[in-house]
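Here's the letter readout for the chains.
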Amino acid sequence: MKPNISKTFQRDGRWIEKPGKTEILICTCGYKYIKTREGQVSCLRCAARAREALE
């Protein structure tokens, strides 16, 4: 079985291989987000609100 690899051609003539598709998650508030931080369980908007509530 072939791994899921897509290639994107850039303007400068290079090919960039992307080893898989980016998973888009949905937060409890309904906002879609891409997990960018280790241990992230909500969108950045909700994470910021939770942090403000703690201060």
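See the structure printed just above.
Definitions and cut-offs
Residues numbered from 1 in each chain as written. Predicted model: local features only at pLDDT ≥ 70, side-chain atom pairs only at ≥ 80, totals over all residues. Heavy atoms only, no water. Helix = DSSP H or I, 4+ residues; strand = E, 2+ residues; numbered from the N terminus. Buried < 20%, exposed > 50% of the residue type's maximum accessible area, 1.4 Å probe, protein only. Areas by Shrake-Rupley, 256 points an atom, 1.4 Å probe, with all protein chains shown as cover. Contact = heavy atoms within 4.5 Å.

**Student:** For this particular structure, what's the right way to read the overall build of the chain?
**Tutor:** When helices and strands are counted, the chain shows one helix and four strands. Secondary structure elements of the chain occur, N-terminal to C-terminal, as β-β-β-β-α. When the 55 residues of the chain are sorted by exposure, 11% land in the buried category. Surface exposure of the chain reaches about 5400 Å², of which carbon and sulfur atoms provide 53%.

**Student:** Would you take a moment to explain the environment of S42 for this structure?
**Tutor:** Of note, S42 is situated in the loop between β4 (32-34) and α1 (44-54). On a C-alpha basis, the gap between S42 and Y31 in space is 9.0 Å, while along the polypeptide they are 11 residues apart. Setting aside residues no more than four positions away along its own chain, S42 makes contact with C27, Y33 and A47.

Honestly, it's all geometry; don't read function into it.
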